[in-house]
Each structure stands twice: as C-alpha cells, then as structure tokens.
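# Reading the structure
Listed here are the chains, written in short residue letters.
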Amino acid sequence: MSDYTPRPEHKFTFGLWTVGNPGRDPFGEPTREAVNPADSVRKLGALGAYGVNFHDDDLVPFGASSQERERIIKEFHSALDESGVKVPMATTNLFTQPIFKDGGFTSSDPKVRAFAVQKAMRGMELGKEFGAETYVFWGGREGSEVDASKNPLDPLKWFREALDFLNAWQMEQGFGYRFALEPKPNEPRGDIYLATTGNMLAFIETLAHPENVGLNPEFAHDTMAGLNFVHQVAQAMDAGKLFHIDLNGQKPGRFDQDLRFGQEDQKTNFFLVKLLEDNGYDNPRHFDAHALRTSNAGDVWEFAKGCMRTYLILKEKAQRFNEDAEIQGIIQELNGDTQSLVGAYSKEGADKLMAQKFDVAALTNRPLPYESWINSSSSCCWACVRPVNHRGTEARRHRER
Ligand code: GLT
Ligand code: MN
Ligand code: MN
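Presented here is a report on the structure given in the accompanying data block.

Our focus in this paragraph is unusual backbone geometry. At the junction of Glu187 and Pro188, the peptide bond is cis and its omega measures out at 10 degrees in the coordinates. Topologically, Pro188 is positioned in the loop between strand 6 (178–182) and strand 7 (191–192). Within the chain, Leu194 stands out as a residue other than glycine whose phi angle is a positive 55 degrees. Residue placement: Leu194 occurs in the loop between strand 7 and helix 7 (197–204). By relative accessible area, which is 11% here, Leu194 ends up buried. Look at Asp265: it is not a glycine, yet its phi comes out positive at around 55 degrees. Relative to the helices and strands, Asp265 resides in the loop between strand 9 (245–247) and helix 10 (266–278). A relative accessible area of 37% places Asp265 in the partly exposed class.

Here it is, written out as structure tokens:
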C-alpha cells in the first residue's frame, strides 16, 4: 500500500483562517468554536504540514494594544519553535473592516487608500517577524457594483501606486519579499478588478518592479469564472510567475465554496497536480479551504488530513501515468515529431517556409482516435483518477478490460 503520510518536504501549508474557520456564512452564525492560532500550529505540525500562513488580523486582532500584540507574538513564536512549523507566507486583511466597504487600495478616498497601504506595511513587518518570504495580495474589496462611481482606469492606477510604494519600501527595509497577487472574478464585490490570472499577469508587467511580483492563483477563483485552472496555472508557470498556489474545491458558477482540495472535479485536480509535479514547482502547496459548515472541531482536522492525502494520492497517480508504457506510447505517437519547422525568425527560414509544400490531405487525415486510446489504455480513463483503492481492485478491473 502506498504511503500517503504528509511530511514537511511536501510543503503543505494552511492559513490560520482556513483551519480556524468557525463555519460562519452570509446567512448563518458560526457552527464551531474559533481555534487559537498557537493550537492550530501545534496541530498542523503534528499532522505533517510544513507551514502556516496568516492575515495580520488572524494573528493580532484589529485594534489590539501593543502589549497584547507582544504577548501574541511571543506565544506564536513558541508554538512555531515547538512544532517546527514555518510561516512561508503572510498577507493583509483589507476586506473585513467597514472602512474598506468601497475598497482598500482602490477606494476613491485617498485617506482610505493611505490607511490600506499603512496596514499592509504593518502586516509585512508582522510577517517578517516570523520569516515570511511571500506576501499575498488578495483584493477582496477592490471592485465595484456601481461603475458610474469612477473612471475604470483609476482603480488600476491606484492599485499600481500602492504596490509600487509597498515594494519600494519593503526593498529598502531589506525584507526580501516576493509579492503574489491573487485574482478572483467576484465576491464579495459584484465585480473585482483584475479578475483572472491572465489579467494579473498583464498588470504585473506595468509595475515599477515586475521582477519580484508574481501570482497566487486559486482553484476556486478561476473555476468560478468558468476557466480551465490547469491552463491558467500553466501560463503563470510559463511566465515564471507561479510564486504560490491556493488549492481547494469548487463547482463552476457558484459562490466561492473553498471546499476541501479534490472535493470537486478530480480530472482537473489530477492534471493540476501533474502539472506542478512534472514541472518542478517548489513553492508551498497551500490549502485555502475550510471544513464544511456541518463539521465540528474534531472533523476540521480530518478535513486538513484529507486535503494533504488527496494531493499525495493524485501525485502518485501522476507518477503512474508517467510510468505507464501504454500511455506513454500513445503520447509519444502524438508528440513524437517535436522538431519545430518554424523556429526563431531568420530570412532564410522565412524563404524556406514560403517554398515548402504541405500534404494537406495527409495531415488532415492523420488519425487521432482519442476515444479508442482512452478505452484501450490500462489506466488513462478518467475513472482512474478517482482517489484510492487500497486493494488495487480498481487498477485490476481496468487492466482486465
Ligand atoms: C480570503 C479569500 C482567500 C484569500 C485569502 C488571502 S483571504 O479567505 O477567500 O481566497 O486567499 O487574503
Ligand atoms: Mn476562495
Ligand atoms: Mn485564496
């Protein structure tokens, strides 16, 4: 039987807001007690997680006195030291407090924008206290319901101003953060600016220092927009911008469900894990999800175990896919001739291409029997990405077909 035990080298991380989620939703009160940050850390360490991430306010409540802040920091340090859990990422909560009701970095009010930037500076100091290397920006309130309220170019300008200011400041402080921008199409705003991974990638290139700014794409967010998350992540990787990733579960066309990783769309999850593992992704695998509202405190830890276990199962399946001679034979047949006939531009190359004759009929008629390939291969039908079968009956059943 395979070993699906999570270990720190797998780089699994959780947010304090994920395992600490008390089950509140817009229609209902919490269904379980909030967990103390230090207790979350000890528990995550015992389960084999690598790290824990937080928003400024998850750790030090908004408006806490400086003595309270010091006490919390001390207690959190001891929990991290005892458990060996790291803090690879930190972020700012620019969405809960009513002052951000019409945006933080993109509020029309310059004082609110300045307050948001100041809050992010304090959040960065707090993250550095624990050695965080990545700083995430999720602009939950950076959006609108009333487009008559401003010139749509202004929020982009203000967002850029905030990021450029913060980046210059943190460089001067010697913090060495990499910024990871997290897109989402909507919720809590009717429309959120810079809605998808593609939008963010283009925006990054307009910043003063694009080199240390990348992406934190989330499965749920791009899936809400009906996009193929694997393709979004691949584009971020291609641009060298996959600094972080938020893994969870989501059905398209719904509110942000933040379900346990792998709860929905196992095919996409399989190809997502395969993409990350095959292409040397080495940053944290962060589960930005929470247990169902029906879960009690104990069940939350089963949820956390489940996220990590599902990832490891899919990783093993990706390995099986890569080692399966029949599947690899088909892929080879499809992609065998990889030599490009176009290549980098040259005058000779262009002349040669213009003179080339193509057998259009032969190229058109090349058989591509994807349907038969899927039926005949021993483990590349979609049912094979179903999680686990300890007794191997699933694999046997497919081989016997
Ligand atoms: C919030 C959001 C997440 C973001 C978090 C980071 S906050 O929970 O739903 O997707 O990653 O700010
Ligand atoms: Mn989400
Ligand atoms: Mn997220």
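Additional details are given in the paragraphs that follow.
With that settled, the discussion passes to the site of ligand 1. Taken together, Trp17, His55, Thr91, Phe95, Trp138, Glu182, Glu218, His221, Asp246, Asp256 and Asp288 make up the full set of residues near ligand 1. Contacts to ligand 1 include Glu218, whose side-chain N or O atom sits 2.7 Å from an oxygen atom. Here the residues of the shell around ligand 1 sort into three nonpolar, three polar and five charged.

Among all positions of helix 7, only Thr197, Met200, Leu201, Phe203 and Ile204 are buried. What you see down the axis of helix 7 is that its buried residues fit within an arc of 165 degrees, all on one side. Looking at the buried side of helix 7, the elements it contacts are helix 6 (153–172), strand 6, strand 8 (213–215), helix 8 (219–224) and helix 9 (229–238).

Packing of helix 2 (residues 37–47) against helix 11 (residues 297–323) leaves a shortest axis separation of 11 Å and a crossing angle of 40 degrees. Regarding the angle of helix 2 to helix 11, the classification is oblique. Viewed along their axes, helix 2 and helix 11 form a crossing whose handedness is right-handed. Across the interface between the two elements, Ser40, Lys43, Leu44 and Leu47 of helix 2 pack against Trp301, Ala304, Lys305 and Met308 of helix 11.

Right, let's talk about the sheet that holds strand 4 (residues 134–138) for a bit. The strand order across the open sheet formed by eight strands is 8-6-4-3-2-1-10-9, and the pairing between neighbours is parallel. Across the chains shown, the open sheet's two edge strands, defined by having one partner strand only, are strand 8 and strand 9. Strand-to-strand twist across the sheet, computed as the mean angle between neighbouring axes with direction ignored, equals 30 degrees. The strands touched by helix 6 within the sheet are strand 4, strand 6 and strand 8, with strand 6 carrying the most contacts at an inclination of about 155 degrees.

Only Glu218 (OE), His221 (NE2), Asp256 (OD), Asp256 (OD) and Asp258 (OD) from the protein coordinate the manganese ion (ligand 2), and they sit 2.0 to 2.7 Å from it. The metal-metal distance between the manganese ion (ligand 2) and the manganese ion (ligand 3) is 4.5 Å, with Glu218 coordinating both. Residue His221 is found in helix 8, and its partner Asp256 is found in the loop between strand 9 and helix 10; the two are separated by 35 residues along the sequence.

With that out of the way, let us pick up the pattern of salt bridges. For the coordinates displayed, the defined rule picks out 19 salt bridges. Its salt-bridge partner being Asp282, residue Lys11 comes within 3.7 Å of it at the nearest N-O pair. Placement of Lys11 in the segment before strand 1 (12–15) and of Asp282 in the loop between helix 10 and strand 10 (285–287) is noted, with a sequence separation of 271 residues between them. A salt bridge links Arg42 to Asp39, with the nearest nitrogen and oxygen atoms 3.4 Å apart. Highlighted residues: Arg42 and Asp39, both in helix 2, separated by three residues, approximately one helical turn. Via salt bridges that share partners, Asp3, Arg7 and Glu9 belong to a single interconnected network.

If you look at the biggest cluster of nonpolar residues, it comprises 85 residues, and the most contacted ones within it are Phe14, Phe76 and Phe105. Looking at this core, the element that brings in the most residues is helix 11, giving twelve residues. Contacts of Phe76, omitting those with residues within four sequence positions, involve Leu16, Pro37, Ala38, Val41, Val52, Phe54, Leu59, Val87 and Phe130.

Reading the values: the criteria
- Residues numbered from 1 in each chain as written.
- Chains lettered and ligands numbered in written order.
- Predicted model: local features only at pLDDT ≥ 70, side-chain atom pairs only at ≥ 80, totals over all residues.
- Heavy atoms only, no water.
- Helix = DSSP H or I, 4+ residues; strand = E, 2+ residues; numbered from the N terminus.
- Buried < 20%, exposed > 50% of the residue type's maximum accessible area, 1.4 Å probe, protein only.
- Near = heavy atom within 4 Å.
- Polar contact = N/O pair within 3.5 Å; in protein donor to acceptor, adjacent residues only side chain to side chain.
- Nonpolar A, V, L, I, M, F, W, Y, C, P; charged D, E, K, R; others polar.
- Arc of directions from axis to C-beta.
- Contact = heavy atoms within 4.5 Å.
- Axes fitted to C-alpha atoms, helices over the stretch in contact; angles between N-to-C directions.
- Parallel < 35°, antiparallel > 145°, perpendicular 65-115°, else oblique.
- Left-handed = near helix turned anticlockwise from the far one by under 90°.
- Pairing = 2+ DSSP bridges.
- Donors = N, O, S within 2.8 Å, 3.2 Å for Na, K, Ca; no water.
- Salt bridge = Lys/Arg side-chain N within 4 Å of Asp/Glu carboxyl O.
- Core = buried A, V, L, I, M, F, W, Y, C linked by side-chain atoms within 4.5 Å.

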